[in-house]
Every structure is written in C-alpha cells, then in structure tokens.
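Understanding the architecture of this molecule
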Amino acid sequence: EKIYQSINNSILKGEKLLAVLIDPDKMSIEMASNFISKVNNSKATHIFVGGSTVEDSATEKLVSEIKKQTRIPIVLFPGDVSQITNQADALLFLSLISGRNPEYLIEKHIASVSKLRKMHLEVIPTGYILIESGHKTAVQRVTKTEPLSRNNIQQIVDTAKAGELLGMKLIYLEAGSGAFYPISSEIIKSVKKEISIPLIVGGGIRTKEQLLLAYNSGADLVVIGTAFEDDESFFEELKN
Ligand code: 1GP
C-alpha cells in the first residue's frame, strides 16, 4: 500500500498533491520524453495515465517509457480493462458511483480480476463521481451515464459518503476532461466536510487561481491534464 500510504502521509503533513494526467491517446512515445522532463521539473507529485478511448497496449508502452524517465509515482486512471498494466505503481480501481451503469459500477472490475491476479499492482478502490460541467464530456459519452447535477449538493455529498461507507479509499470529484466549469468550491467544501478519506478533484482546471481555490476548498489532490497538454508553459506558471 505504498502509494496510498504516501498520499495519506502527505495529507497529515498538510501538503497538497498535484497529478499530471497523461492520456495515451494524445501522447505519443516520441512526445513523452520532452513532456516528462517538464513534469520532473514541476510541482507534480504524481503522474496519472489513462483515457476514455485508448487503443489496446498503448498504455503499457507509454507507461514503460515514462517509468524510464521519472521517479514520480505513476498511477493508472483507466477508462478500460485494457489499460491495466503492472508497469505502473498503482491503480485507481474506479467505480463510477454517480452513474447507474452496472458496467462501470462492477462489471469491468470483475473482468479485470484475471489480469490483476497475476500482477503485484497496488489497487486503490476509488469512488468516482461525475458532476455536470456545462457540456457533455467524454466520461459521460463513453460510460453512458448521467452526471450528478452541480446544484444538488446534498446528492453529491451523500454519494461521496456512501462511497466511503462502502470502503472506498479515495473519492474523486470529476468535472470531465476539458470541462467548462471545474468542480465548484462549494461542492468541494461540502464533500470534504463529510468524508475522512482523501479527496481528489479534477476536470477543467486551467489556471493557478483555480488550482489554489480547489486546494483551499479542501481538495487533497488535484488532477490536471488538458491545461498542460495545451500549454506546457503552465508548468512554469505554477512554480511562481
Ligand atoms: C480528467 O480530471 C481529469 O479526467 C483532468 O481534466 O483534462 O480538464 O485537466 P482536464
């Protein structure tokens, strides 16, 4: 339980964590080394790898390549069973508890067991909660689920709490990649108050102000993908 342990240790020390999300669909092996050298020189504490529509084996190749070039822990954030590889340090075992599609609540998990049994991969059960963010996101399209309304805060809080009560070790509030609105401060605060497990927030965070707002509202770990993909100088901006 190395990775989960270290997330908890950082939180106890009052540190905030930042994951750079790399989508194997958008990052070729050739592009990786330049990008990873920027990640190595940034404030990133974790590298998440995953995407909604990745072709088979692309993830494993990319993770092996990234691993050669960094000491930052690599955590899988898989859109599908095919993205699970023991080249990574840990796996977010995501159950989409905002949705009502059995495939993403339990079926993919069952399908992954024959693979996981053969691996020594740290598995971190994670309650994954998709929240409406202004337009239809890839998660919504691929999983064929409805996000929770951003205005129904009680429902979001209760969903997160139910995840914790089921034994999940992390709660991930997701606005969706490239979301118009990131998860609101009010939502983050309300969920944080209710749960005692680490809180991950991601989707649509593009500025340093938005990052700090998420942290100050109670996010322990923030995930950023698109903003780094679109403009690598964002790594520099976060340093100041
Ligand atoms: C998506 O939460 C992540 O799953 C990150 O989203 O690409 O918008 O940063 P962005």
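On a predicted model such as this, the values are computed, not experimentally measured, just so you know.

Focus on a negative patch on the surface
- A cluster of acidic residues, E209, D230, D231 and E237, forms a negative patch at the surface.
- Following the sequence through the fold, D231 ends up in the loop between α9 (226-230) and α10 (234-239).
- On the basis of relative accessible area, D231 is assigned to the partly exposed category, the value being 37%.

Side note on the packing of aromatic side chains
- Considering all chains together, one arrives at seven aromatic pairs under this definition.
- An angle of 90 degrees between the planes, with centres 5.1 Å apart, marks the rings of Y128 and Y172 as edge-to-face. Of this pair, Y128 sits in strand β5 (residues 122-130) while Y172 sits in strand β6 (residues 170-174), and the two are 44 residues apart along the sequence.
- Y128 sits in the buried class, given a relative accessible area of 7%.
- Among the aromatic residues, those joined into a ring-pair cluster are F35, F228, F234 and F235.
- The aromatic ring of Y4 is capped on one face by K169, whose charged end is 5.9 Å from the ring centroid.

Looking at the site of the ligand
- The ligand sits among 14 residues. The nearest are E174, S177, G178, G204 and T226.
- With respect to the ligand, the side chain of Y172 contributes an N or O atom lying 3.0 Å from an oxygen atom.
- Contact distances for the ligand include 2.7 Å between an oxygen atom and a backbone N or O atom of G178.
- Across the complex, the protein chains shield 97% of the 310 Å² of accessible surface that the ligand would expose by itself.
- At a threshold of 2 Å from the grid points, most atoms of the ligand map onto the largest pocket.
- Only β6 and β8 (221-224) provide two or more residues apiece to the shell around the ligand.
- A class-by-class count of the residues in the shell around the ligand yields five nonpolar, eight polar and one charged.

A few points about helix α3 (residues 58-69)
- For α3, which comprises twelve residues, the first-to-last C-alpha distance of 17 Å matches the rise-based estimate of 16 Å (1.5 Å per residue) to within 8%.
- All of the buried residues along α3 are A58, T59, L62, V63, E65 and I66. Seen along its axis, α3 keeps its buried residues to an arc of 165 degrees; they face one direction. Of the residues in α3, the exposed ones pointing more than 90 degrees away from the buried face are K61 and K68.
- Taken together, the buried residues of α3 touch β1 (17-22), α2 (29-40), β2 (46-49) and β3 (74-76).

Examining the confidence of the model for the chain
- Taken over all residues, the pLDDT of the chain has a mean of 96, while the share at 70 or more is 100%.
- Of all helices and strands in the chain, the one with the weakest mean pLDDT is α10 (92), whereas helix α6 (residues 153-165) scores best (99).

Definitions and limits used
Residues numbered from 1 in each chain as written. Predicted model: local features only at pLDDT ≥ 70, side-chain atom pairs only at ≥ 80, totals over all residues. Heavy atoms only, no water. Patch = residues over 30% accessible without salt bridge, like charges linked within 9 Å, V, L, I, M, F, W, Y side chains within 5 Å. Areas by Shrake-Rupley, 256 points an atom, 1.4 Å probe, with all protein chains shown as cover. Salt bridge = Lys/Arg side-chain N within 4 Å of Asp/Glu carboxyl O. Lys, Arg positive; Asp, Glu negative; His and termini not counted. Charge placed at Lys NZ, Arg CZ, Asp CG, Glu CD. Helix = DSSP H or I, 4+ residues; strand = E, 2+ residues; numbered from the N terminus. Buried < 20%, exposed > 50% of the residue type's maximum accessible area, 1.4 Å probe, protein only. Phe/Tyr/Trp six-rings, centres within 6.5 Å; stacked < 30°, edge-to-face > 60°. Lys NZ or Arg CZ within 6 Å of the ring centre and 35° of its normal. Near = heavy atom within 4 Å. Polar contact = N/O pair within 3.5 Å; in protein donor to acceptor, adjacent residues only side chain to side chain. 1 Å grid on protein atoms, 1.4 Å probe; cavity = no way out; pocket = protein on both sides within 12 Å on 5 of 7 lines; lining within 4 Å. Sits in = over half its atoms within 2 Å of the grid points. Nonpolar A, V, L, I, M, F, W, Y, C, P; charged D, E, K, R; others polar. Expected span 1.5 Å × (residues − 1). Arc of directions from axis to C-beta. Contact = heavy atoms within 4.5 Å. pLDDT = per-residue confidence, 0-100.

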